[in-house]
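The lines below spell out each chain.
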Amino acid sequence: MLLALDDAISSAVLAGRAADAEIFGVIDLTSKIEARIGAISLGRAIQFVANASVLGYDVRGAMVLYGEPGTPSLRIWDCEHLWGQYGGALLEP
């Protein structure tokens, strides 16, 4: 059951990769304040969260919000999994 849910989320994210998304909970380690990241595509949001730690951000509390209200948010482990699974395909239009 969990695997089917994971596949459904992965399919939905891949299909909606160009949709608008917002990222919250990213801390800039230099200034120690939450970074303001404007609306970007879902694919780019996943890429950013999956790779932000090497850019000097703490993303342990990050959430990617997308889709209709009630759509589950993506957390760091979701983004890392999706980026590892789909990579650059998430950035294609």
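Throughout this description, residue numbers start from 1 for each chain and increase along the sequence as written. In keeping with the model being predicted, local features are shown solely for residues with a pLDDT of at least 70 and side-chain atom pairs are shown and tallied solely at 80 or more, while totals for entire chains, interfaces and linings include all residues. Think of the side-chain values as coming from all heavy atoms in the structure, minus any hydrogens and water.

**Things to note about the pairing of strand S6 (residues 63–66)**
Side-chain alternation along S6 places Val64 and Tyr66 on a buried face and Met63 and Leu65 on a face that remains uncovered. For two strands to be treated as a pair, DSSP must find no fewer than two bridges joining them. Strands are runs of DSSP state E lasting at least two residues, helices are runs of H or I lasting at least four, and both sets are numbered from the N terminus onward. Pairing of strand S1 (residues 20–24) with S6, which is carried by 4 bridges, proceeds in the antiparallel orientation. Its bridge partner lying in S6, Phe24 is registered against Met63. Think of it in three bands: residues with accessible area under 20% of the maximum for their type are buried, residues over 50% are exposed, and the middle band is partly exposed, with areas taken using a 1.4 Å probe on protein chains only.

**A closer look at the sheet that holds strand S4 (residues 40–41)**
Strand pairing in a sheet relies on backbone hydrogen bonds. The paired strands run either parallel or antiparallel. Here 3 strands make up an open sheet; going across it, the order is S4-S1-S6 and the pairing antiparallel. The open sheet has two free edges, formed respectively by S4 and S6, since each of these has just one partner strand. Across 2 bridges, S1 lies against S4 in antiparallel orientation. Its bridge partner being in S4, Ala21 is matched across the sheet by Ile40.

**Side note on the nonpolar core**
We call a set of buried Ala, Val, Leu, Ile, Met, Phe, Trp, Tyr and Cys residues a nonpolar core when their side-chain atoms join them within 4.5 Å. Judged by nonpolar contacts, the single largest core of 22 residues is most densely connected at Val13, Leu42, Ile46, Val49, Val64 and Leu74. The element contributing the most residues to this core is helix H2 (residues 42–51), with 6 residues. For this analysis, residues touch if any pair of their heavy atoms sits within 4.5 Å. With sequence-adjacent residues up to four places away left out, Val49 is seen in contact with Ile23, Val59, Ala62, Val64, Ile76 and Cys79.

**Some words on H2**
When you tally the buried positions in H2, you get 7 out of 10 residues, the bulk of the element. Looking at H2, one finds that the buried residues are Leu42, Gly43, Ala45, Ile46, Phe48, Val49 and Ala50.

**Things to note about the confidence of the model for the chain**
With 94% of its residues at a pLDDT of 70 or more, the chain shows a mean pLDDT of 89. For residues 1–5, every residue scores under 50 in pLDDT, and the model assigns this stretch 0 contacts once sequence neighbours within four places are set aside. The quantity known as pLDDT measures the predictor's confidence residue by residue, on a range of 0 to 100.

**So, the sheet that holds strand S5 (residues 57–58)**
Judged by pairing direction, the sheet is antiparallel, and its 3 strands sit side by side in the order S3-S2-S5 without closing on themselves. Looking at strand neighbours, the two that pair on one side only are strand S3 (33–34) and S5, the edges of this open sheet. Summarising the sheet, strand S2 (residues 27–28) and S3 pair through 2 bridges and their orientation is antiparallel. By the bridge assignment, Ile27 is partnered in S3 with Glu34.

**Details of unusual backbone geometry**
In this model, Lys32 sits at a positive phi of 65 degrees, which is unusual for a non-glycine residue. Structurally, the position occupied by Lys32 is in the loop between S2 and S3.

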